[in-house]
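If you want the building blocks of each chain, they are given just below.
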Amino acid sequence: MRSSPAVARLHRVRWATTLLFAATTALCLLVLSVLAVRTDDRSRTNDLDNGVSRRADGLARTLYYDAGVLHLDALAEDDLALSAERLAVIQAPVTGRPQIGHAPTERAALPDQAGLDEIWNQVEHDQETVFVSLEAGGREIQWAAAPVWDGDRIGAAVLVGADPAESQAAHDRLVRRLAVGCSALVLAAAAIGHLLSGRAMRPALRGLDQQEQFLAEAAHELRTPLATLRLVVESGAVSPARAPAALDEAVRLVDRLGRLVTGLLARARVEAGTQEIELTLLRLDQLVEQTVEELPDSTRVSVTAEAVVVNGDPELLAQAVRNLVENALRHGGGTPVDVSVTAGRIAVRDHGPGVPAKDRERVFERRVTGTTSTGTGTGLAIVRWVAELHGGTAQLSAAPGVGLLAELLLPPHTTG
C-alpha cells in the first residue's frame, strides 16, 4: 500500500534524524581521535627521546679521562651499552674533523661524516645532551649525544641511536584501530539513532493511522444516511404529494446524522486522549429499541428486550448497536434480524450465510473492509472498540441452525 505524504515526510524526518545523529557522533569521534593520535605521537616521540637520552647520559658518566686518555672499559660491561641499538663514541678532533673512536655498532649503521660534524657542533654549542634526527643505513634514526668532559673542555661524546620504525608501526596500528573502531561506533550510533527516532515517531504514526481510521469510519457511518436522505429529498421533489412525509423523513435523517457526527467526534477525541469517556446510568433496552426504530429497514428487525441498566456512553453504545444491526441487515441475505437484550448482553442474529469460523476474529480488525456477502466493512471494528471502552467485548459465533450471531457483552451494573 502506498504511504500517505504525511507518513512519507515522517519517514524522511526519521532518516534525517538518523543522519544527523550519525554525523554528530562521527564529528565528536573525529575530534577525539585526532587528539588521541596527536597525543600518542608526542608520547612515543618523547619515550624514544627519553630512551636514547637515558642511555647516552648513563654511558657518558661511566667514561672518564685520565691524563688526557679516554677510558672505555665500562662500555664492555654496562647493560646500557649492551642493550643499545646503535652506539658509538665520537672523539674531539685534534686536527680536522671529529672521528669515531669506538663503535660496537657497524659503521654503516652510524651517521656519515657530515652527520658527525653536525652532532659534534651541536654538542659543543649546547654543552649538554642533544637530540638529532639523521639518516643512517638508509633509515631515519633518532640520535642522542651526551658530552664527556676532559677537564674544562668536551673531549668526546657518547652517541646512542634508536630506530623509530617500531614505534611508528605501533602508532600506525593505533590509527587503523581508531579508524575501524570509530567507523563501527558511527554505524552503531546510526542504528541506535534510527531505532530511537523510530520509537519517538511511533505516536505520530499512530496518530496518523488513527486519523485514517477515523476518516474511513466516518465515511462508513455517514454514507448510508446520506444516501437515504438524498433519495427522500428527491422523492419529495418529484412527487409533491409525498413532500410532507419526505420532509419528516429528512428531518429524522438529519437528526440521525447529527447524532452520528457527535458520536464520531466524541470517539476521535477519546482516541486522541483529549476527552475522557463519560459513563452514565442508562436503560440499555430502551436505547436498543430507539436505535432500531431509527433504522431505515427497521421493519425487518424484531427486538426482544429485558429491562437492563448499564453504565455507558449513550452515543457510543447507540453507534455500536446500529453497526451490529446494519451489518446483519446488509450481510444477512435479506433475512429477518432478531435482536435480544439481556443483562450485560446485546445479541443480534441474522439467518444469512454467516461468516467462516476462521474469519470471525479477523472481521473485527479495522482494516478489514470486505464487500462480499461475508464482509463487514469497518462497522464491527467500531463495535469492538466501543465494547472494550466500556470494559466488555464483542464476538461472533454461528447461530443455531443457520445464520450469524453477533454479541456485544458489557459488564453488569453494580449498585453501592
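Residues numbered from 1 in each chain as written. Predicted model: local features only at pLDDT ≥ 70, side-chain atom pairs only at ≥ 80, totals over all residues. Heavy atoms only, no water.

Draft legend 1. Summary view of the overall build of the protein chain. When helices and strands are tallied, the protein chain shows eight helices and 14 strands. The burial tally for the protein chain puts 41% of its 416 residues in the buried class. Across the protein chain, the fraction of contacts at a sequence separation of at least 24, relative to all contacts at a separation of at least 6, is 61%. Split by element, the accessible area of the protein chain, about 22600 Å² in all, is 56% carbon and sulfur. (Helix = DSSP H or I, 4+ residues; strand = E, 2+ residues; numbered from the N terminus. Buried < 20%, exposed > 50% of the residue type's maximum accessible area, 1.4 Å probe, protein only. Contact = heavy atoms within 4.5 Å. Areas by Shrake-Rupley, 256 points an atom, 1.4 Å probe, with all protein chains shown as cover.)

Draft legend 2. Looking closely at the packing of aromatic side chains. Enumeration over the complete set of coordinates arrives at zero aromatic pairs. When the ring centre of Phe364 is taken as origin, the NZ or CZ atom of Arg384, which lies over that ring, is 4.1 Å away. (Phe/Tyr/Trp six-rings, centres within 6.5 Å; stacked < 30°, edge-to-face > 60°. Lys NZ or Arg CZ within 6 Å of the ring centre and 35° of its normal.)

Draft legend 3. The nonpolar core, seen in detail. Core analysis: the biggest nonpolar cluster contains 39 residues, and Leu284 and Val325 have the highest contact counts within it. Broken down by secondary-structure element, the contributors of at least two residues to this core are α6 (284-293), α7 (314-331), β11 (337-342), β12 (345-349), α8 (379-389), β13 (393-398) and β14 (404-409). Per-element tally for this core: the top contributor is α7, with nine residues. Leave out the neighbours within four places in its chain, and Val325 touches Val292, Leu295, Val301, Val339 and Val348. (Core = buried A, V, L, I, M, F, W, Y, C linked by side-chain atoms within 4.5 Å.)

Draft legend 4. The arrangement of the packing of α6 against α7 in detail. At a minimum axis distance of 9 Å, the contact between α6 and α7 shows a crossing angle of 55 degrees. Judged by the inter-axis angle, α6 sits oblique to α7. Crossing handedness for the pair α6 and α7: right-handed. On α7, the residues touching Leu284, Leu287, Val288, Thr291 and Val292 of α6 are Pro314, Leu317, Ala318, Val321, Arg322 and Val325. Residues of the contact of α6 with α7, tallied by class, amount to nine nonpolar, one polar and one charged. (Axes fitted to C-alpha atoms, helices over the stretch in contact; angles between N-to-C directions. Parallel < 35°, antiparallel > 145°, perpendicular 65-115°, else oblique. Left-handed = near helix turned anticlockwise from the far one by under 90°. Nonpolar A, V, L, I, M, F, W, Y, C, P; charged D, E, K, R; others polar.)

Draft legend 5. Broad picture of the sheet that holds strand β4 (residues 99-102). The antiparallel open sheet is built from five strands, whose spatial order is β4-β3-β7-β6-β5. Edge positions in the sheet fall to β4 and β5 (130-136), since each has one partner strand and no second. Shown here is a sheet whose adjacent strand axes are inclined to one another by a mean of 40 degrees, direction ignored. Here strand β6 (residues 139-150) runs beside strand β7 (residues 153-162); their pairing, made up of nine bridges, is antiparallel. Bridging across to β7, Gln142 finds its partner in Ala162. Most of the contacts of helix α1 (residues 5-62) go to β6, to which it runs at about 30 degrees, and overall it touches β3 (86-91), β5, β6 and β7. Running over the sheet, helix α3 (residues 113-126) touches β3, β4, β5, β6 and β7 and is turned about 175 degrees from β5. (Pairing = 2+ DSSP bridges.)

Draft legend 6. Spatial organisation of unusual backbone geometry. In this structure, Ala67 takes a positive phi of about 60 degrees despite not being glycine. Positionally, Ala67 belongs in the loop between β1 (64-66) and β2 (69-71). For Gln127, which is not glycine, the phi torsion reads 55 degrees and is therefore positive. As for its placement among the helices and strands, Gln127 is situated in the loop between α3 and β5.

Draft legend 7. Quick peek at the sheet that holds β11. In space, the five strands of this open sheet follow the order β9-β11-β12-β14-β13, with mixed pairing throughout. The outermost strands of the open sheet, each flanked by one partner alone, are β9 (301-305) and β13. Here the average twist between neighbouring strands, direction ignored, is 15 degrees. Two elements, β11 and β12, share five bridges in a ladder whose sense is antiparallel. Opposite Val339, over in β12, you have Val348 as the bridge partner.

Draft legend 8. How the structure looks around α6. Every buried residue of α6 is accounted for by Leu284, Asp285, Leu287, Val288, Thr291 and Val292. For α6, the angular spread of buried residues about the axis comes to 160 degrees, placing them on one side. Turning to α6, the residues buried within the fold contact β8 (280-283), β9, β10 (309-312), α7, β11 and β12. (Arc of directions from axis to C-beta.)

Draft legend 9. View of the pattern of salt bridges. Scanning all chains against the criterion turns up nine salt bridges. Put simply, Asp285 and Arg283 hold a salt bridge, and the shortest N to O gap is 2.8 Å. Assessed through its relative accessible area of 6%, Asp285 is described here as buried. Residue classification places Arg283 among the partly exposed positions, given a relative accessible area of 34%. (Salt bridge = Lys/Arg side-chain N within 4 Å of Asp/Glu carboxyl O.)

Draft legend 10. Here's a closer look at the environment of Ala394. Inspection of the secondary structure puts Ala394 in strand β13. The class of Ala394 is buried, set by a relative accessible area of 1%. With 47 residues separating them in the primary sequence, Ala394 and Ala347 have C-alpha atoms 9.9 Å apart. Excluding residues within four positions of it along the chain, Ala394 makes contact with Phe364, Val383, Arg384, Ala387 and Glu407.

Draft legend 11. View of the environment of Ala328. Within the secondary structure, Ala328 is located in helix α7. Each residue touching Ala328, except ones within four places of it in the same chain, is listed here: Val337, Val348 and Asp350.

Draft legend 12. Local environment of the environment of Glu361. When you line up the elements, Glu361 lands in the loop between β12 and α8. Each C-alpha atom of the pair Glu361 and Leu396 lies 7.6 Å from the other, and the pair is 35 residues apart in sequence.

Draft legend 13. Geometry of empty space enclosed by the protein. Following the criterion strictly, the structure yields two cavities of 30 Å³ or more and no others. For the second largest cavity, the full set of lining residues is Leu324, Asn327, Ala328, Val348, Arg349, Asp350, Leu404 and Ala406. For the lining of the second largest cavity, the leading source of residues is α7, giving three residues. The residue makeup of the lining of the second largest cavity, split by class, is five nonpolar, one polar and two charged. (1 Å grid on protein atoms, 1.4 Å probe; cavity = no way out; pocket = protein on both sides within 12 Å on 5 of 7 lines; lining within 4 Å. Points joined across faces, edges and corners; volume = space filled by probe spheres on them.)

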